[in-house]
Amino acid sequence: MITFIIRRLLISVVLVFLISLISFFIITLTPGSPYPWGELNPKISQAVKDNYRKQFHLDEPIWNQYWYNMRGLFTGELRSIKDGRPVLERIGERLPATVSLNVCAIAISLSFGLLIGVYSARKSGQWQDTSLSTLCFTFLALPEFWVTYLLIIGLTNWVAIPLTGTVSHGILFPNEGARLLDRLWHLFLPAVMLALGGIAGQSRYVRASMLETLREDYIRTAQAKGLHPDKIFYRHALRNSLRPVITGIGSLLPALIGGAVIIETIFAYPGIGRLGYQAVLERDYPTLVALNFITAVLVLLGNLLADVLYAVVDPRVRLE
Amino acid sequence: MIRRFFRNRLGVAALLAICGLFAVAVTFAILSYLKVPFPQDPNLTNLERKLLPPNPVNWLGTDNLGRDVFSRILHGSYISLTVGFVAVAVSLMIGVVVGAISGYAGRWVDNILMRVVDAIMCFPSFFLILTAVALLGPSLWNIVVVIGLVSWTGTARLVRAEFLTLRETEYVRAARTLGQRAPAIIFGHILPNAMAPIFVTAVLGIPAAILTEAGLSFLGFGVQPPQATWGNIIADGKTYLLDAWWLILFPGLAITFSTLSFYLAGDALRQAAETRIERK
């Protein structure tokens, strides 16, 4: 177990290096300049431009730039081209919102995915299974921004559900509980929208895993000794096919953070996704490098956690 | 496999829908190339007839510049299909080559290639694509290539797994004993036997690429106006969200219809390909 974790951490160091290379070079090697005011403005003298390039190390060879970027990222010195504030500070203030959004979305995807998956496996081959799997493919096929807009059109007339931000402004909350409820209420619609695709994917995995487990020998043994089918299904089969629920955490993360760009933009939700979108619009290279790097490392950690958790939960797994 | 596919009614319906989409897309690609205004010119503005709800002249209404939404949806159809197919072709080419080399060579080659795949998989792909497309400049070919370059990792892993098992089979060993070179074995013997799962992932990759393009269009980094695409009709319409529902509803239905057809067809194919499970 310990050796496994150490080995995984060593591999992760290699991966972090690769991730840093990819996130830096994809952004830097593409043509275009990161000036907020544009390269061609005649009113800006060459001296100002040169000074600017110097300040952000844009006049140096690319390997040095990479070195400055990465060193800056780890020492917290890397500053945004947009407003000169440290990149880590800008990301840090946005991180809690995105993390809570993603945690909710993961919780929704996993729980509903599990329910739907188990139910379709139970009714495998019957009409319930077919219609549920068609429904899941519909979830996958729907463009999330489109459904969100349709929901907004439909809901705004009927329900007082908040559509922007994370908190209600101008309200004095009687206590912390009310504040928390208000936050959750703001989180509800974005999280559900973000989770749609995850529910679909997760339920497919759970269903497949259930069906696979049901063909195992010990299930046949249980049937042979005359156990009630429900007991076999929920006690023996379900427990042994929960693997995709755990590995799901790892595989859902990158998709969720990517999808959050659109959802956060629609709901004016102050998270990392919208920060990234703004950084793209502003060509804020340091922020983009840092965002891509940090999210990828977060995903890496999520995967590592899922693997370790997987071994803790399932004693059959020997981590080598 | 083909016979088993045709027994699945949902799959056949989805396949027919895809054929229909193809016919529409090819027709309107030719029509817009020839600049034939059928049913109406998709880019003709008419401010006297702006934001009209569906009516006998404009079946699906008009947008804020008085352009006919129905014509715009039809003339935008080939964009989505082109993105889907070309992006998947790009990702297949890279994925199959990397996966084949990795699975066949094994050892340190495999180790290095798979670590690269792992690293790319850690990135939230939509965000990476958005960044790259925004910096490169959004054009149809940039979008297609970037989507392809980011989404090959799944295919590579799948192909590698297939190769790991197939490389140990007897006919491969026989070919190796006969002194055949690695490329001949990879492309002549192993790859043909791994085609079924590759084909399935390819079909399932198409709707994902279409959705990515729609999302990019929505954020303003898709194929640029005045070219109509399903995504940017919705993006333009979002300003009139509560006044002009037809600008949102119909292009979204077009996207959902096509992606759902591909997903259902792909799933039917997957079921048909999984002989082992069926037989058990």
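A. Geometry of the overall build of chain B. Across its full length, chain B carries 13 helices and 0 strands. Moving toward the C terminus, one meets the helices and strands of chain B in the order α-α-α-α-α-α-α-α-α-α-α-α-α. By its C-alpha atoms, chain B is 75 × 45 × 35 Å across when sized along the principal axes. Out of the 280 residues belonging to chain B, those deemed buried represent 50%. If you take every contact in chain B between residues at least 6 apart in sequence, the share linking residues at least 24 apart comes to 69%. Carbon and sulfur atoms make up 66% of the accessible area of chain B, which totals about 12900 Å². Averaging the positions of the 22 positive and the 15 negative side-chain charges in chain B gives two centres separated by 10 Å.

B. Geometry of the nonpolar core. In this structure, Leu130(B) and Leu219(B) are the most contacted members of the largest nonpolar core, which totals 142 residues. When neighbours within four sequence positions are excluded, Leu219(B) is seen to be in contact with Val261(A), Ile262(A), Thr265(A), Tyr277(A), Phe126(B) and Leu130(B). If you look at the next biggest cluster of nonpolar residues, it comprises 14 residues, including Ala100(B), Phe163(B), Val172(B) and Ile198(B).

C. Examining the interface of chain B and chain A more closely. The interface is formed by 44 residues belonging to chain B together with 46 residues belonging to chain A. In total, about 4100 Å² of surface goes out of reach between chain B and chain A, with carbon and sulfur atoms giving 82% of it. A salt bridge links Asp267(B) to Arg204(A), with the shortest nitrogen-to-oxygen separation between them at 3.4 Å. Linking chain B to chain A there are 5 residue pairs in polar contact (both at pLDDT 80 or more). Of all the secondary structure elements, the ones that give two or more residues to the side of chain B that touches chain A are helix H4 (107–122), helix H5 (125–136), helix H10 (195–219) and helix H12 (245–273) of chain B. The element best represented in the side of chain B that touches chain A is H12(B), accounting for 13 residues. Its residues assigned to classes, the side of chain B that touches chain A shows 33 nonpolar, 5 polar and 6 charged.

D. Summary view of the pattern of salt bridges. All names here are of chain B. Going through the model one piece at a time under the given rule, you end up with 11 salt bridges over all chains. Linking aspartate 267 and arginine 270 is a salt bridge whose minimum nitrogen-to-oxygen distance equals 2.7 Å. Taken together, the residues aspartate 267 and arginine 270, both in helix H12 and 3 residues apart, mark about one turn of the helix. The class of aspartate 267 is buried, set by a relative accessible area of 9%.

E. Inspection of the packing of aromatic side chains at higher detail. One pass over the structure, following the stated rule, counts 14 aromatic pairs over all chains. Seen from their ring centres, Phe145(A) and Phe218(B) are 4.5 Å apart, and the 20° between their planes marks the pair as stacked. One end of the pair, Phe145(A), is in helix H6 (residues 144–156); the other, Phe218(B), is in helix H10, on a second chain. Accessibility expressed as a relative area gives 3% for Phe218(B), which makes it buried. Relative to Phe250(B), the ring of Trp245(B) lies with its centre 6.0 Å away and its plane at 55°, an arrangement referred to as tilted. Take Trp245(B): its relative accessible area is 41%, and that puts it in the partly exposed class. On the basis of relative accessible area, Phe250(B) is assigned to the buried category, the value being 18%.

F. Spatial organisation of helix H3 (residues 62–75) of chain A. Residues and elements named next belong to chain A. With 14 residues, H3 extends 20 Å between its outermost C-alpha atoms, agreeing within 8% with the 20 Å of an ideal straight helix rising 1.5 Å per residue. Structurally, H3 contributes buried residues whose contacts are with helix H1 (2–28), helix H4 (87–122) and helix H12 (285–313). The first or second residue beyond H3 is glycine 76, which carries a positive phi of 80°.

G. View of the side chain of Asn232(B). Residues and elements named next belong to chain B. If you trace the backbone, asparagine 232 turns up in helix H11 (residues 230–237). Residue asparagine 232 is classed as buried on the basis of its relative accessible area of 4%. For asparagine 232, the side chain forms a polar contact with the main-chain oxygen of valine 223, separated by 3.3 Å. One polar contact links the side chain of asparagine 232 to the main-chain carbonyl oxygen of glutamine 227, over a distance of 3.1 Å. When residues no more than four places from it in sequence are discounted, the contact partners of asparagine 232 are Arg72, Ser217, Val223, Gln224, Pro225 and Gln227.

Conventions and cut-offs
Residues numbered from 1 in each chain as written. Chains lettered and ligands numbered in written order. Predicted model: local features only at pLDDT ≥ 70, side-chain atom pairs only at ≥ 80, totals over all residues. Heavy atoms only, no water. Helix = DSSP H or I, 4+ residues; strand = E, 2+ residues; numbered from the N terminus. Buried < 20%, exposed > 50% of the residue type's maximum accessible area, 1.4 Å probe, protein only. Contact = heavy atoms within 4.5 Å. Areas by Shrake-Rupley, 256 points an atom, 1.4 Å probe, with all protein chains shown as cover. Lys, Arg positive; Asp, Glu negative; His and termini not counted. Charge placed at Lys NZ, Arg CZ, Asp CG, Glu CD. Core = buried A, V, L, I, M, F, W, Y, C linked by side-chain atoms within 4.5 Å. Buried area = accessible area lost by both parts, 1.4 Å probe. Salt bridge = Lys/Arg side-chain N within 4 Å of Asp/Glu carboxyl O. Polar contact = N/O pair within 3.5 Å; in protein donor to acceptor, adjacent residues only side chain to side chain. Nonpolar A, V, L, I, M, F, W, Y, C, P; charged D, E, K, R; others polar. Phe/Tyr/Trp six-rings, centres within 6.5 Å; stacked < 30°, edge-to-face > 60°. Expected span 1.5 Å × (residues − 1).

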